[in-house]
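# Structural characterization, general
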Amino acid sequence: MSALHTGLTKVEVSIAWDPSALGGIAHDLDIVAAAFTDPAPSPGGPEYLVRFGSRSPDGTITLDRHSETGQGFGFDEIMTLELDRLAPRYARVVVGVAIQQSSGALTFGDIPHARVRIRQSHNDLLVHTFASIPAARAATVAEFIHDGAGTWELREIYQGFDIDPATLGDVMGTVDASD
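Anyway, here's the lowdown on the structure attached to this text. In this text, all values refer to a predicted model and were calculated from it rather than measured experimentally. Numbering of residues starts from 1 in every chain and runs along the sequence as written. Given that this is a predicted model, residues contribute local features only at a pLDDT of at least 70 and side-chain atom pairs are listed and counted only at 80 or more, while totals for whole chains, interfaces and linings are drawn from all residues. Hydrogens and water molecules were not included; the side-chain quantities draw on all heavy atoms of the structure.

### Structural notes on the overall build of the chain
- Looking only at helices and strands, one finds one helix and eleven strands in the chain.
- Each helix is a run of DSSP H or I of at least 4 residues and each strand a run of E of at least 2, with the numbering of both proceeding from the N terminus. Tracing the chain from N to C terminus, the helices and strands come up as β-β-β-β-β-β-β-β-β-β-β-α.
- Split into buried and exposed, the 179 residues of the chain put 49% on the buried side.
- Working rule for contacts: check all heavy atoms of both residues, and any pair within 4.5 Å makes them a contact. A separation of at least 24 residues holds for 67% of the contacts in the chain among residues at least 6 apart in sequence.
- Working note: accessible area of the chain is about 8,100 Å², and carbon and sulfur atoms make up 50% of it. When a residue's accessible area, from a 1.4 Å probe over protein chains only, is under 20% of the maximum for its type it is buried; when over 50% it is exposed; and in between it is partly exposed. Under the convention used here, a 1.4 Å probe and the Shrake-Rupley method define accessible areas, while residue burial counts only the protein chains that appear.

### As for the nonpolar core
- In this description, a nonpolar core means a group of buried Ala, Val, Leu, Ile, Met, Phe, Trp, Tyr and Cys residues linked to one another through side-chain atoms lying within 4.5 Å. In this structure, L29, L81, V93, F108, I118, F130 and F144 are the most contacted members of the largest nonpolar core, which totals 41 residues.
- The residues touching F144, leaving out its near neighbours within four places in the chain, are L8, V11, L81, L83, A91, R92, V93, V95, I118, W152, E153 and L154.
- By size, the runner-up hydrophobic cluster in this structure holds twelve residues, among which are V94, A98, L168 and M172.

### Let's talk about the pairing of strand β3 (residues 29-36)
- Among the eight residues that make up β3, eight are buried, leaving the element largely enclosed by the rest of the structure.
- Of the two faces of β3, the one holding L29, I31, A33 and A35 and the one holding D30, V32, A34 and F36 are both buried throughout.
- Two elements, β3 and strand β7 (residues 92-99), share eight bridges in a ladder whose sense is antiparallel. Within β7, the residue paired with A35 across the bridge is V93.
- Criterion used throughout: strands pair if DSSP finds at least two bridges between them. Relative to strand β4 (residues 48-50), β3 runs antiparallel, the two sharing three bridges.

### Notes on the packing of aromatic side chains
- The pairing test for Phe, Tyr and Trp rings, Trp by its six-membered ring, is centres within 6.5 Å, and the orientation test on the planes gives stacked under 30 degrees, edge-to-face over 60, and tilted for anything in between. Applying the stated criterion to the full structure yields three aromatic pairs.
- Summarising the aromatic geometry, the rings of F108 and F130 are spaced 4.1 Å apart at their centres and angled 5° between planes, so their arrangement reads as stacked. Separated by 22 residues along the polypeptide, F108 in the loop between β7 and β8 (115-120) and F130 in the loop between β9 (123-129) and β10 (138-146) bring together distant segments of the chain. By the burial criterion, F108 is buried, and F130 matches it.
- Measuring from centroid to centroid gives 6.1 Å for F130 and Y158, while their planes differ by 40°, and the two rings are tilted. Placement of F130 in the loop between β9 and β10 and of Y158 in strand β11 (residues 152-161) is noted, with a sequence separation of 28 residues between them. With respect to class, F130 is no different from Y158; both count as buried.
- Taken together, F108, F130 and Y158 form an aromatic cluster joined through their ring pairs.

Right under this line is the structure:
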């Protein structure tokens with residue numbers, strides 16, 4: 001797959017979804033970012049994982065807005081990645097979305113109007129729904145690749161998994177955008 005955009009500096013990853021119907025199981029989606037020093041997909045966990053309740057050790061990846069219900073207007077959860085400030089040892093950052101499982105086993109097909117958007121400034125770089133992976137409970141959506149000379153590019157890696165949110169970090173490093 002070709003690069004969607006080059007020369008990225010500071011990007012925003014946002015997710016949105018409609019709240020559950022009155023009396024239904026609450027819908028809680030979470031953005032997850034995993035930083036890797038290895039530029040190639042490989043088994044094993046990331047150097048660090050950023051999700052609800054955490055941030056990167058150097059503050060370059062932060063969750064700015066968190067929702068547990070999807071209520072409100074616009075995008076419900078927002079994460080900022082300051083790629084230009086990441087240490088040079090990081091070769092890629094993989095971004096995913098996981099559904100918190102409070103009861104039952106919710107999938108993207110159970111959550112109305114779930115969508116992800118990645119943008120730099122006010123320019124949308126990637127906008128996607130989860131319609132093609134309705135049976136998945138977690139997904140990777142993109143990876144940011146560092147060329148070693150200071151330039152970051154975005155590649156779409158849209159892949160669904162039937163796993164719980166705690167396991168997503170373990171598989172994020174194995175996904176390959178060229179598949």
